[in-house]
Amino acid sequence: RGVFSFPPLCGHVIRRFVKTGRCPLIFIISDSLSGDSNSRLLFPKDIQDELNICNISFNPVAPTSMMKVLSRLASQEASRSGGKVCIPDKASLELLCSGSSGDIRSAINSLQFSSLTDQTFENSLWSLKKGKPSSITSRGKGKSKGKSAKPSGKQEAVQAIGGKDASLFLFRALGKILYCKREACEQPEVSSLPAHLSEHQRDTLLVEPEMVVEKSHMSGDLFNMYLQQNYMDFFSDIDDVVRASEYLSDADFLTTDWSNRSTMREYSSSVATRGLIHSNRARAFTNCQAGVGFKPLHKPQWLLINKKVIVLPGPSVQ
């Protein structure tokens, strides 16, 4: 906490270590919720060049890869533990993977606790979280007959023991709105809308826009700014762009009154996100969602302009 409040102190400490230390010095810094790394604050560019600091970043581990690693580790430890370690079932491992948010260290630590044989307290927690008696299978016991189903929507909200906060980085949250992926219908459904409203028929979304904004840990106003800066690259029809801009204008209008702005922010972000998704008719159905490829996302120009306005000196008073 003291280093973050006064970053030059960190550079001073590292300079002293470089003169006296005989082994490498490693800093492990987790990413922030907004996706920006705290290393920029602790180690500015000049400090990195002066002290030859190397920055190594790791991408989150894919759930399928993490599932394979955890299964292999559990099997290896169970075979040489002498009965002290049991193998969690597939549903438990999936819960560990989803709760770790791609952090392999967090997943292994959680696996270590959930695999212990003495699990009187642990089993009660798993049963409470999963809504059913926990089933832990070891090599000495038969495998469970029932297939382990993937966590349902309610279970996805419940994280594994020791799991990380299931927050979304900013650009990942924006991608969920702008790419607006939808569920594939196994069989065509009869439209529930009357004929004159058939153009508004859409497939079901894979995500809840309000939950995406909430997990981004950003205010609705700022999230709307990022959408407004980047949404046009994801549209292919000018009429859809016009409709989307109208929704953004309506969302902005909801927060014009400062007295109730804190209350209306949630409604504003809901109108903006759902309006953008609904306006993009090219991505209204799963079968017509052609890949748009990677689109770089940018910060709102308003942030830079507002910063320049703040630092400009005021008129001199004679």
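Owing to the predicted nature of the structure, the values given are computational and were not obtained by experimental measurement.

**Student:** Account for the overall build of the chain, naming residues and giving values.
**Tutor:** For the chain, the count of helices and strands is 15 helices and two strands. Burial statistics for the chain: of 318 residues in total, 30% are counted as buried. Put simply, 73% of the contacts in the chain that link residues at least 6 apart link residues at least 24 apart. About 21700 Å² of surface is accessible on the chain, with carbon and sulfur atoms providing 57% of the total.

**Student:** Explain the pattern of salt bridges residue by residue, including any values.
**Tutor:** If you walk through the whole model with that rule in mind, you get nine salt bridges. Between Arg105 and Asp103 there is a salt bridge whose closest N-O contact spans 3.4 Å. Accessibility expressed as a relative area gives 14% for Asp103, which makes it buried. When the shortest N-O distance is used, the salt bridge between Arg243 and Glu199 registers 3.9 Å.

**Student:** Explain the packing of aromatic side chains residue by residue, including any values.
**Tutor:** Geometrically, a pair of aromatic rings is defined through the distance of the ring centres and the angle of the planes. Here the structure, examined in full by the defined rule, presents three aromatic pairs. Relative to Phe235, the ring of Tyr231 lies with its centre 5.7 Å away and its plane at 85°, an arrangement referred to as edge-to-face. Of the residues examined, Phe235 reaches a relative accessible area of 12% and is grouped as buried.

**Student:** So, the packing of helix H5 (residues 63-79) against helix H6 (residues 90-100): which residues are in play, and what are the values?
**Tutor:** Two numbers describe how H5 lies on H6: the axes approach to 10 Å, and their chain directions differ by 125°. As far as their axial angle goes, H6 and H5 are oblique. The hand of the H5/H6 crossing is right-handed. Across the interface between the two elements, Pro63, Met66, Met67, Leu70 and Ser71 from H5 touch Lys90, Leu93, Glu94, Leu96, Cys97 and Ser100 from H6.

**Student:** Account for the environment of Asn224, naming residues and giving values.
**Tutor:** Mapped onto the elements, Asn224 comes out in helix H12 (residues 220-230). Residues Asn224 and Leu248, spaced 24 residues apart in sequence, show a C-alpha to C-alpha distance of 7.6 Å. In this view, Asn224 contacts Ala251, Ser268, Ser269 and Ala272; residues no more than four positions away in its chain are not counted.

**Student:** Account for helix H7 (residues 104-114), naming residues and giving values.
**Tutor:** An α-helical segment advances 3.6 residues per turn. Residues three or four places apart therefore align on the same side. Those residues of H7 that fall on the buried side of the exposure criterion are Ser106, Ala107, Ser110, Leu111 and Ser114. Seen end-on, H7 carries its buried residues on one side only, within an arc spanning 135°. When the buried face of H7 is taken as reference, the exposed residues oriented beyond 90 degrees from it are Gln112 and Phe113.

**Student:** Go over helix H14 (residues 261-279) with me, naming the residues and quoting the values.
**Tutor:** Between the first and last C-alpha of H14 there are 25 Å, a value that for 19 residues agrees with the 27 Å anticipated at 1.5 Å per step. All buried positions along H14 are accounted for by Ser268, Ser269, Ser270, Ala272, Thr273, Gly275, Leu276, Ile277, His278 and Ser279. If you follow the buried residues of H14, they end up packed against helix H10 (170-178), helix H11 (209-215), H12 and helix H13 (238-253).

**Student:** Go over the confidence of the model for the chain with me, naming the residues and quoting the values.
**Tutor:** As a general rule, the predicted coordinates of low-pLDDT regions are not to be interpreted in detail. Per-residue pLDDT for the chain averages 76, and the proportion of residues at 70 or more is 72%. Mean pLDDT per element in the chain: helix H9 (residues 153-157) is the minimum at 42, and H13 is the maximum at 94. Every residue in residues 124-128 is under pLDDT 50, and counting partners more than four places away or in other chains gives 13 contacts. The model gives residues 132-160 a pLDDT under 50, and that stretch makes 43 contacts with residues more than four places away or in other chains.

**Student:** Which residues make up the nonpolar core, and what are the values?
**Tutor:** Phe223, Leu227, Tyr231, Phe235 and Leu276 are the most contacted members of the largest nonpolar core, which has 23 residues in total. For this core, the secondary-structure elements that each account for two or more residues are H10, H11, H12, H13 and H14. The dominant element in this core, judged by the number of residues it contributes, is H10, at five residues. The residues contacting Leu227, other than those within four sequence positions of it, are Leu174, Ile177, Leu178, Thr273 and Leu276. If you look at the next biggest cluster of nonpolar residues, it comprises 11 residues, including Leu70, Ala78, Ala107 and Leu111.

**Student:** An account of the side chain of Thr273 is requested, with residue identities and associated values reported.
**Tutor:** Relative to the elements of secondary structure, Thr273 occurs in helix H14. Among the polar contacts made by the side chain of Thr273, one reaches the main-chain carbonyl oxygen of Ser269 at a distance of 2.7 Å.

**Student:** Please give an account of the environment of Phe113 that cites residues and values.
**Tutor:** Mapped onto the fold, Phe113 is located in helix H7. On the accessibility criterion, Phe113 (52% relative accessible area) is exposed. Sequence-wise, Phe113 and Val85 are 28 residues apart; in three dimensions their C-alpha atoms are separated by 9.5 Å.

Calculation criteria
- Per chain, residues are indexed from 1 in the order of the written sequence.
- The predicted origin of the model limits local features to residues at a pLDDT of at least 70 and limits the giving and counting of side-chain atom pairs to 80 or more, whereas totals for whole chains, interfaces and linings rest on all residues.
- To obtain the side-chain values, all non-hydrogen atoms of the structure were included, while hydrogens and water were left out.
- Under the DSSP-based scheme used, a helix requires at least four consecutive residues in state H or I and a strand at least two consecutive residues in state E, with every element numbered from the N terminus.
- Burial classes: relative accessible area under 20% of the type maximum marks a residue as buried, over 50% as exposed, and values in between as partly exposed (1.4 Å probe, protein chains only).
- Any two residues whose heavy atoms approach within 4.5 Å are treated as being in contact.
- Values of accessible area rely on a 1.4 Å probe in the Shrake-Rupley scheme; residue burial ignores everything except the protein chains shown.
- Salt bridges are identified by distance alone: a Lys or Arg side-chain nitrogen within 4 Å of an Asp or Glu carboxyl oxygen.
- Classification of ring pairs rests on two measures: the distance between centres of Phe, Tyr or Trp rings, Trp counted by its six-membered ring, which must be within 6.5 Å, and the angle between planes, read as stacked under 30 degrees, edge-to-face over 60 and tilted in between.
- To get an axis, fit a line to the C-alpha atoms, keeping to the stretch in contact for a helix; angles then go from 0 to 180 degrees between the N-to-C directions.
- Roughly parallel refers to an angle under 35 degrees, roughly antiparallel to one over 145, roughly perpendicular to one between 65 and 115, and oblique to any angle outside these ranges.
- Working rule for handedness: look at the near helix, and if it is turned counterclockwise from the far one by less than a right angle, call the crossing left-handed; if clockwise, right-handed.
- Summarising the geometry, the arc corresponds to the directions from the helix axis toward the C-beta atoms.
- A helix is expected to span 1.5 Å multiplied by its residue count minus one.
- As a per-residue measure, pLDDT reflects the predictor's confidence and takes values from 0 up to 100.
- What is meant by a nonpolar core is a set of buried Ala, Val, Leu, Ile, Met, Phe, Trp, Tyr and Cys residues, joined one to another through side-chain atoms within 4.5 Å.
- The term polar contact refers here to a pair of N or O atoms within 3.5 Å; inside protein, the definition further demands a hydrogen-donor-capable atom paired with an acceptor-capable atom, and it admits residues adjacent in sequence only when both atoms are side-chain atoms.

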